Amino acid sequence: MSNIEFMQGNRACCEGALAAGCDFFGGYPITPSTEVAELMALKLPKAGGTFIQMEDELASMGAIIGASWTGARSMTATSGPGFSLMMENIGYAVMTETPCVVVNIQRGGPSTGQPTMSAQGDMMQCRFGSHGDMATIAVVPSTVQEMYDLTAKAFNLADRFRVPTFVMSDETIGHMREKIVIPDAVDIVPRKPLAEGKLPFEADEDGVPGFAQFGSGHRVHVTGLTHDERGYPDTTDPEVHEKLVKRLYNKVESKRHEIADYDAVNTDAEIVFVTYGPCARTVRQVLHDHPNEEIGHLNLRIVWPFPEDLLKLFSNAKTFIVPELNLGQMAREVARHTTGQEVLSMPKLGGHIHTPAELYAAVEVRQ
């Protein structure tokens, strides 16, 4: 039977990771994510896993990449400044197709910014922060329950697509406490092993190679350089580079509709809120306070790859309203995939989420 607990978001992240079989954590403490590392330090060794505090975030990312190649389900947790330091090794994880999970409990920036306040300013960074063309997966919880569920799901997505997968939470969700239901078990989808006769980076029909785990008898060369299907560097042949980068990109982007995870409410509405993360909570309150009004709501639990066709669910929509704790990062993405509807960006900085009155005022103007 499942258990019901009252739990902090960062603890729920830790519990979701453990339930998903995480057995290696390499990290460095930073507000407001530190509770994730503290709890993993306490609980992971008891579950037979390994916790290591590295000297900084660059080394933390390198540690979980190395651990993943030994077969571990590996994870780190950080916030904005540390996330920036991880970018070079995140690009390395993309190029080497290393499955791992990176939790980012976002805070106000740039730079040191607001260590104890909430923000969503890293949403574009997790998609475009490392140099070169790449595709990533990012889950975004709006409740403590989703922090548990989506952290566990992130490990399966990372292993299936062989990509670093991000849990893009924030201080609001990380530090709030709510009732959650902890299931007896979560689904664990193991990574696909390298088949007999296949080269280490020779993709299957789904665009994803089998995983040649270190110590399993395969000879594999892992490099961040452009490489052929053997893993050997080939940096000067344009065709090799184009084929590799397009495959790394398409193995995720071609499955965007399969990866999509969302809630759609009142799909006949003309005014529709599009949210991810904590702003969804305020929109749900608006819908609760005005039950007789047709106000639509699309909440994305997975933001990258962006599920562009979901906007078509709201065929009568005239206005999409996008509240965010940044200056409108995802509003631009919504606008890019609309077919002429108005897109109203509602940015907010400073660390507090929108109030129901602020959001409903935008609705009233358009009624």
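Residues numbered from 1 in each chain as written. Predicted model: local features only at pLDDT ≥ 70, side-chain atom pairs only at ≥ 80, totals over all residues. Heavy atoms only, no water.

Description of the overall build of the protein
When its secondary structure is counted, the protein shows 12 helices and 15 strands. Relative to the 2.2 N^0.38 estimate, which gives 21 Å for 367 residues, the radius of gyration of the protein is 21 Å and therefore close to what a compact globule would have. With respect to the three principal axes, the spread of C-alpha positions in the protein is 65 × 45 × 45 Å. Taking the intrachain contacts of the protein between residues at least 6 apart in sequence as the baseline, contacts between residues at least 24 apart amount to 75%. Carbon and sulfur atoms make up 52% of the accessible area of the protein, which totals about 15,300 Å². Taken together, the 31 basic and 47 acidic charged side chains of the protein have centroids lying 2 Å from each other. (Helix = DSSP H or I, 4+ residues; strand = E, 2+ residues; numbered from the N terminus. Rg over C-alpha atoms; globule rule 2.2 N^0.38 Å. Contact = heavy atoms within 4.5 Å. Areas by Shrake-Rupley, 256 points an atom, 1.4 Å probe, with all protein chains shown as cover. Lys, Arg positive; Asp, Glu negative; His and termini not counted. Charge placed at Lys NZ, Arg CZ, Asp CG, Glu CD.)

Digging into the nonpolar core
Counting 42 residues, the largest nonpolar core has Met61, Phe83, Phe166, Met168, Val303 and Phe320 as its most contacted members. Top contributing element to this core by residue count: helix H3 (residues 57–69), with 7 residues. In this structure methionine 168 touches Phe83, Asn104, Gln106, Asp122, Met123, Cys126, Ala138, Val139, Val140 and Pro141, once residues within four positions along its chain are discounted. Cys14, Ala37, Leu44 and Ile137 belong to the second-largest nonpolar core, a separate cluster that totals 41 residues. (Core = buried A, V, L, I, M, F, W, Y, C linked by side-chain atoms within 4.5 Å. Buried < 20%, exposed > 50% of the residue type's maximum accessible area, 1.4 Å probe, protein only.)

A look at the environment of proline 164
Along the polypeptide, proline 164 turns up in strand S8 (residues 164–170). Proline 164 sits in the buried class, given a relative accessible area of 0%. In this structure, proline 164 is in contact with Ile90, Ala93, Val94, Thr98, Cys100, Thr136 and Ile137, ignoring residues within four places of it in sequence.

Observations regarding the side chain of serine 33
Counting through the fold element by element, serine 33 comes out in the loop between strand S2 (24–27) and helix H2 (34–43). In this structure serine 33 comes out as buried when scored by relative accessible area, which is 2%. Filtering out sequence-adjacent residues up to four positions away, serine 33 remains in contact with Asn10, Ala77, Thr78, Ser79 and Ile105.

Observations concerning the pairing of strand S14 (residues 319–324)
The buried fraction of S14 amounts to 6 of the 6 residues, a majority that puts the element mostly inside the structure. Residues of S14 alternate between two faces, with Thr319, Ile321 and Pro323 on one and Phe320, Val322 and Glu324 on the opposite face, all of them buried. Bridging between strand S11 (residues 271–275) and S14 involves 3 bridges; their strand directions are parallel. Across the sheet, residue phenylalanine 273 finds its bridge partner in S14, namely isoleucine 321. (Pairing = 2+ DSSP bridges.)

Remarks on the side chain of glutamate 324
Within the element layout of this structure, glutamate 324 appears in strand S14. Notably, glutamate 324 is buried but unbridged: the nearest opposite-charge side chain belongs to arginine 332, and the N-O separation is 6.9 Å. A polar side-chain atom of glutamate 324 sits 2.5 Å from a polar atom in the side chain of tyrosine 276. Polar side-chain contacts of glutamate 324 include one of 3.0 Å to the backbone nitrogen of alanine 331. Every residue in contact with glutamate 324, bar those within four places of it in the chain, is listed here: Gln120, Tyr276, Cys279, Gln329, Met330, Ala331, Met346, Pro347, Lys348 and His354. (Salt bridge = Lys/Arg side-chain N within 4 Å of Asp/Glu carboxyl O. Polar contact = N/O pair within 3.5 Å; in protein donor to acceptor, adjacent residues only side chain to side chain.)

Side note on the sheet that holds S14
Taken in spatial order, the 5 strands of this open sheet run S10-S12-S11-S14-S15, and their pairing is mixed. Here the strands that pair on one side only, and so sit at the sheet edges, are strand S10 (262–265) and strand S15 (342–347). Shown here is a sheet whose adjacent strand axes are inclined to one another by a mean of 15 degrees, direction ignored. Note: S14 against S15, 6 bridges, orientation parallel. Paired with phenylalanine 320 across the two strands is valine 343, which belongs to S15. (Axes fitted to C-alpha atoms, helices over the stretch in contact; angles between N-to-C directions.)

Remarks on helix H10 (residues 279–289)
When we look at burial in H10, the residues that qualify are Cys279, Ala280, Thr282, Val283, Val286 and Leu287. Along the axis of H10, the buried residues cluster in a sector spanning 160 degrees; they form a single face. Its buried side turned inward, H10 meets S10, S11, strand S12 (295–300), S14 and helix H12 (356–365). (Arc of directions from axis to C-beta.)

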